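A structural walkthrough
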Amino acid sequence: MSAYAYFHKEFVPFSEAKLGVMTHCIHYGTAVFEGIRGNWNREQKQIHLFRLKEHFHRLHQGCKVLKIDLPQTIDELCQITIELVEKCGFKEDIYIRPLAYKSTEALGVRLYNLDSDLLIFAIPWGPYLDVDTAKCCISSWRRPDDNVIPPLAKCTGLYINNALAKTEAIENGYDEAIMLTPDGHVSEGSGENIFLVIDDKLVTPAGYNNILIGITRNTVIELAKQELGLTTVERPVDRSELYMAQECFLTGTAAHITPVAEVDHRQIGNGEIGEITGKLQKIYAEVIRGKNPKYLDWCTPVYAK
Ligand code: PMP
């Protein structure tokens, strides 16, 4: 557990970071969050925060949707996070949770006339899906359209949709749910974007398919292009294309790159990690730990050398 949290604009012992029972965001899901990884590099005795700026850029964008006034700039948010992790002194893989929230202790469904605040904490966290390959199902829960709850923003209230899908999947014996859009196209997992390999090309649902524009998704698109010479096609994907894909994998800050072995009891490829997925997974694992000099711009080391 984190020794400290950033709370009410200062670093406080973690146990002192508590919200009042009437805080608006608890009741109405009026908060925007991020999930950021700090990846431990044993040889360097260093934690690399991965694509920190991009995460805080997305947090800022989400705050616009929820009318949350976040006074800290992206650079200031990065600095606060570095300082927090340094103070906690972690020596393992961690997960950082910033939350920008409607902080007024008041009832009433709205986004106006409410104060906002920011909290950040970090916890040790290993693999999220914790399986070598994932068995997935198509969820009976659909991903909402932008004019229902905007999936482009990581709003806490939206995640009831994800929680329903994930719970249904686990209770039915799967590892993860894949949600469709209301018009029946593939959208994403409950906490991951999805990629297919079709005819040796990468295919992934487009931004207009009700996905969160994942930072890992963008990382994979870049790495596939730079390292494997593969372009990614962003387009609507049909459910049956999943069944017929050569390879399929999920991407996310928490889940990294997780191969999909099965969708709705149809084996993908030979049911093992595919060739392209394997290559990407290997490259990605090096990049996020600051082991590939070409991509050090994506890594923020926490501890002084
Ligand atoms: N989709 C959803 C619904 C998510 O919660 C996440 C995790 N943030 C992702 C996709 C993957 O996004 P990222 O790669 O930025 O973590």
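Residues numbered from 1 in each chain as written. Predicted model: local features only at pLDDT ≥ 70, side-chain atom pairs only at ≥ 80, totals over all residues. Heavy atoms only, no water.

1. Observations concerning the packing of helix 5 (residues 215-228) against helix 7 (residues 275-287)
The N-to-C vectors of helix 5 and helix 7 enclose an angle of 105°; their axes lie 10 Å apart at closest approach. Classified by the interaxial angle, the pair formed by helix 5 and helix 7 is roughly perpendicular. Judged by residue contacts, T216, T219, V220, L223, A224, E227 and L228 of helix 5 engage I276, K279, L280, I283, Y284 and V287 from helix 7. Looking at the contact of helix 5 with helix 7 residue by residue, the classes come out as nine nonpolar, two polar and two charged. (Axes fitted to C-alpha atoms, helices over the stretch in contact; angles between N-to-C directions. Helix = DSSP H or I, 4+ residues; strand = E, 2+ residues; numbered from the N terminus. Parallel < 35°, antiparallel > 145°, perpendicular 65-115°, else oblique. Contact = heavy atoms within 4.5 Å. Nonpolar A, V, L, I, M, F, W, Y, C, P; charged D, E, K, R; others polar.)

2. A look at the side chain of D117
Mapped onto the secondary structure, D117 falls in strand 7 (residues 116-124). You can call D117 buried: its relative accessible area is 13%. D117 has contacts with H8, K9, L99, A100, Y101 and S103, leaving out every residue within four places of it along the chain. (Buried < 20%, exposed > 50% of the residue type's maximum accessible area, 1.4 Å probe, protein only.)

3. Some details on the packing of aromatic side chains
Taken as a whole and judged by the stated rule, the model has nine aromatic pairs. Taking the centre distance of 5.4 Å and the plane angle of 65° together, the rings of Y6 and F11 count as edge-to-face. Seen from their ring centres, F50 and W298 are 5.9 Å apart, and the 85° between their planes marks the pair as edge-to-face. Taken together, the positions of F50 in strand 5 (residues 46-50) and W298 in the loop between helix 7 and strand 17 (299-301) put the pair 248 residues apart, joining distant regions of the chain. With a relative accessible area of 13%, W298 lands in the buried category. Feature note: the residues F50, Y284, Y295 and W298 constitute an aromatic cluster, connected by ring pairs. (Phe/Tyr/Trp six-rings, centres within 6.5 Å; stacked < 30°, edge-to-face > 60°.)

4. Points about the domain arrangement of the protein chain
As assigned here, the protein chain comprises domain 1 (4-124) and domain 2 (134-288). When each unit is reduced to the centre of its C-alpha atoms, the spacing between domain 1 and domain 2 is 25 Å. Contacts between the two partners involve 21 residues from domain 1 and, on the opposite side, 19 residues from domain 2. Between domain 1 and domain 2 lies a buried interface of about 1,600 Å² when both sides are counted; carbon and sulfur atoms form 65% of it. (Domains from an automatic or database assignment. Buried area = accessible area lost by both parts, 1.4 Å probe.)

5. Some remarks on the nonpolar core
Considering soluble globular proteins, one finds that nonpolar side chains tend to be buried as a cluster. Core analysis: the largest hydrophobic core is formed by 32 residues, its most contacted members being I47, L49, F56, V85, F90, I96 and I120. For this core, the secondary-structure elements that each account for two or more residues are strand 4 (36-41), strand 5, helix 2 (52-65), helix 3 (74-88), strand 6 (94-102) and strand 7. Looking at this core, the element that brings in the most residues is helix 3, giving seven residues. Each of domain 1 (4-124) and domain 2 (134-288) contributes no fewer than three residues to this core. The residues contacting I96, other than those within four sequence positions of it, are E34, G35, I36, L49, T81, V85, I120, F121 and A122. (Core = buried A, V, L, I, M, F, W, Y, C linked by side-chain atoms within 4.5 Å.)

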